[in-house]
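Here is how the chains run, residue by residue.
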Amino acid sequence: MSAATGSTRAVVVDDSRFMRTLIRRLLEEEGIEVVDEAADGVEAVETVASSRPDVVTMDIEMPRQNGIEAVGDIMNDCPTPVLILSAHADEGASVTFEALDRGAVDFVTKPGGEVSSEMPKVRRELVSKVREAAAVDLAAARATRRTPARQTAGTGGAAARSFPDVATLVIGASTGGPNVVEGVLAGLPREANLRVLVVQHMPEGFTARFADRLDKRSAYQVREARDGDRIGPGEARVAPGGAHLRVTDDRGGRLRLELDSSPPLHGTRPAVDHAMSSASDVVSGPLVGAILTGMGRDGVDGMTDIRRAGGATVAQDESTSAIFGMPKRAIEAGCVERVLPAERLAEGVLDAIERD
């Protein structure tokens, strides 16, 4: 932030002059200082190095150098939080996750060019994401980027452990969460017999692709949740963007899931609290809540309910959290049993469900 004004300083990158002007206007209307602009990836790298902003908004498809390549160069040359402005489509989701792998800290759906009644909502979302991105601890974010070693964290000695026939894990995450969630699921052996629910704050159109990534990188069968799904041990569901996920029943070792479009909670839908609290009401057998990196207090009430129901709770520590907001609030509320770095979260879950 600027020492003189205390405002967030941003660089806007897009090959469309109209879009740069629109994004600048949306940000400046909310007090964010746009210190410079760039029309392609090459110019973006140079501009970031000279302007030293707090955050960069980055388009993907640009001439000379695209946004994905620019993210990598910025992280190498002048590490700065980058927020991807992504197209709302399957292809947009795919390249967005590639940008996260390169070091981008988060993404938001790119504003449309038309003026509509949705523009105030678009502005609020964009501004909120820019401010969150500017607050990211880049060292922590880099530490939790997926590596082969972290993919297998916690699986060592799984055969020597004794697990229940069925157990349940509910994970909540926001900014900086996708890579951490991947690491946690990759570290859970199928033998743990978990039913896993993931609530990652993410827009519509992206959670299905996120579920596909988790499916390929873990021993669990993962897909985006559908209303009425029933899941058993070895299966995981990701709450879809734009819908709250609740657990309504637990019979025969299978959870029944329900989706609804009730109002956002803590400004987000899906909300971690709804998934965790509903699980605490109906789940039989071992139950674990895990709250990961993100801004705000979503998950505090849910983690509290899990503890009151006799479940176990773990939180990501400050040193590995891109934003130590949600875990910190849960810890301060006294509902967290264990605080662990990202690479030990899977181990913490396994410890919690292991039979004596």
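Remember, predicted model here, so these are calculated numbers, not experimental data.

Rules used throughout
Throughout this document, residue positions are counted from 1 along each chain, in the order its sequence is written. Thresholds applied to this predicted model are a pLDDT of at least 70 for local features of residues and 80 or more for the giving and counting of side-chain atom pairs; totals over whole chains, interfaces and linings are not thresholded and use all residues. For side-chain calculations, the full set of non-hydrogen atoms in the structure is used, while hydrogens and water are omitted. Under the DSSP-based scheme used, a helix requires at least four consecutive residues in state H or I and a strand at least two consecutive residues in state E, with every element numbered from the N terminus. Here the radius of gyration uses the C-alpha set of atoms, whereas the globule reference equals 2.2 Å times the residue count to the power 0.38. Any two residues whose heavy atoms approach within 4.5 Å are treated as being in contact. Any pair of Phe, Tyr and Trp rings, taking the six-membered ring for Trp, is counted once the centres come within 6.5 Å. Such a pair is stacked with planes under 30 degrees apart, edge-to-face with planes over 60 apart, and tilted for the rest. Relative accessibility under 20% of the residue-type maximum defines a buried residue, over 50% an exposed one, and the middle range a partly exposed one, all with a 1.4 Å probe and only protein chains included. DSSP-based pairing: two strands are paired if at least 2 bridges between them are found. Angles shown run from 0 to 180 degrees and are taken between the N-to-C directions of axes, each axis being a line fitted to C-alpha atoms and, for helices, limited to the stretch in contact. Residues enter a nonpolar core if they are buried and are Ala, Val, Leu, Ile, Met, Phe, Trp, Tyr or Cys, with the set joined through side-chain atoms within 4.5 Å. In this scheme, a crossing is called left-handed if the near helix is turned counterclockwise away from the far one by less than a right angle; it is called right-handed if the turn is clockwise. Asp, Glu, Lys and Arg are counted as charged, while Ala, Val, Leu, Ile, Met, Phe, Trp, Tyr, Cys and Pro are counted as nonpolar; the rest, among them Gly, fall into the polar class. Call a crossover right-handed when, viewed with both strands pointing away from you, the route from the first strand across the helix to the second goes clockwise.

A. Highlighting the overall build of the protein chain. In terms of helices and strands, the protein chain carries 13 helices and 15 strands. Its C-alpha atoms give the protein chain a radius of gyration of 20 Å, within 12% of the compact-globule value 21 Å for 356 residues. Dimensions along the principal axes, computed over C-alpha positions, put the protein chain at roughly 60 × 40 × 35 Å. Considering only residue pairs separated by 6 or more positions, the protein chain has 72% of its internal contacts joining residues 24 or more positions apart.

B. The arrangement of the packing of aromatic side chains in detail. What the rule picks out here adds up to 3 aromatic pairs. Judged by centre distance (6.1 Å) and plane angle (70 degrees), the ring pair of Phe-97 and Phe-107 falls under edge-to-face. Taken together, the positions of Phe-97 in helix H4 (residues 90–102) and Phe-107 in strand S5 (residues 106–109) put the pair 10 residues apart, joining distant regions of the chain. Across the pair, exposure class does not vary: Phe-97 and Phe-107 are buried alike. Residues Phe-107 and Phe-206 carry aromatic rings whose centres are separated by 4.7 Å and whose planes lie at 50 degrees to one another, so their mutual orientation is tilted. One end of the pair, Phe-107, is in strand S5; the other, Phe-206, is in the loop between strand S7 (194–200) and helix H9 (207–216), with 99 residues separating them in the sequence. Judged by relative accessible area, Phe-206 falls into the buried class, the value being 0%.

C. How the structure looks around the sheet that holds strand S2 (residues 33–38). One open sheet accounts for 5 strands, arranged S2-S1-S3-S4-S5; its pairing is parallel. Two strands bound the open sheet, and with one partner strand each, they are S2 and S5. Strand-to-strand, the axes of this sheet are offset by a mean angle of 25 degrees, without reference to chain direction. Two strands pair when backbone bridges link them, and strand S1 (residues 9–13) and S2 are joined in this way by 5 bridges, in the parallel orientation. When the bridges of S2 are listed, Val-11 appears paired with Asp-36.

D. Layout of the nonpolar core. Met-58, Ile-171 and Leu-194 are the most contacted members of the largest nonpolar core, which totals 60 residues. Once you skip the residues sitting within four places of it in the chain, Ile-171 turns out to touch Val-181, Val-184, Leu-185, Val-196, Leu-197, Val-198, Val-199, Ala-290 and Leu-292. Among the nonpolar cores identified, the runner-up in size contains 27 residues, and Leu-197, Ala-225, Ala-239 and Ala-275 belong to it.

E. Structural context of the environment of Glu-204. As for its position among the elements, Glu-204 is in the loop between S7 and H9. A residue is classified by how much of its surface remains accessible, and Glu-204, at 48% relative accessible area, is partly exposed. Remark: the alpha-carbon pair of Glu-204 and Leu-85, spanning 119 residues in sequence, is separated by 14 Å.

F. Quick peek at the sheet that holds strand S9 (residues 230–231). Strand order in the open sheet made by the 3 strands is S9-S12-S11, with antiparallel pairing throughout. In this open sheet, the two edge strands, each paired with only one partner strand, are S9 and strand S11 (244–251). In the sheet, S9 pairs with strand S12 (residues 254–260) via 2 bridges, with the strands oriented antiparallel. Across the sheet, the residue bridging to Ile-231 is Leu-255, located in S12.

G. Spotlight on the packing of helix H8 (residues 177–186) against H9. In the contact formed by H8 and H9, the axes pass within 9 Å of each other and the chain directions differ by 35 degrees. For the pair H8 and H9, the sense of crossing is right-handed. The segment H8 lies against H9, with Pro-178, Val-181, Glu-182 and Leu-185 engaging Phe-210, Arg-213 and Leu-214. Tallied by class, residues from the contact of H8 with H9 come to 5 nonpolar, no polar and 2 charged.

H. View of the pairing of S1. Judged by how many residues are buried, S1 sits mostly within the fold: 5 of 5 residues are covered. This β-α-β element, S1 to helix H1 (residues 17–28) to S2, shows right-handed connectivity. As paired elements, S1 and strand S3 (residues 55–58) share 4 bridges and run parallel to each other. Residue pairing in the sheet places Ala-10 in a bridge with Val-55 of S3.

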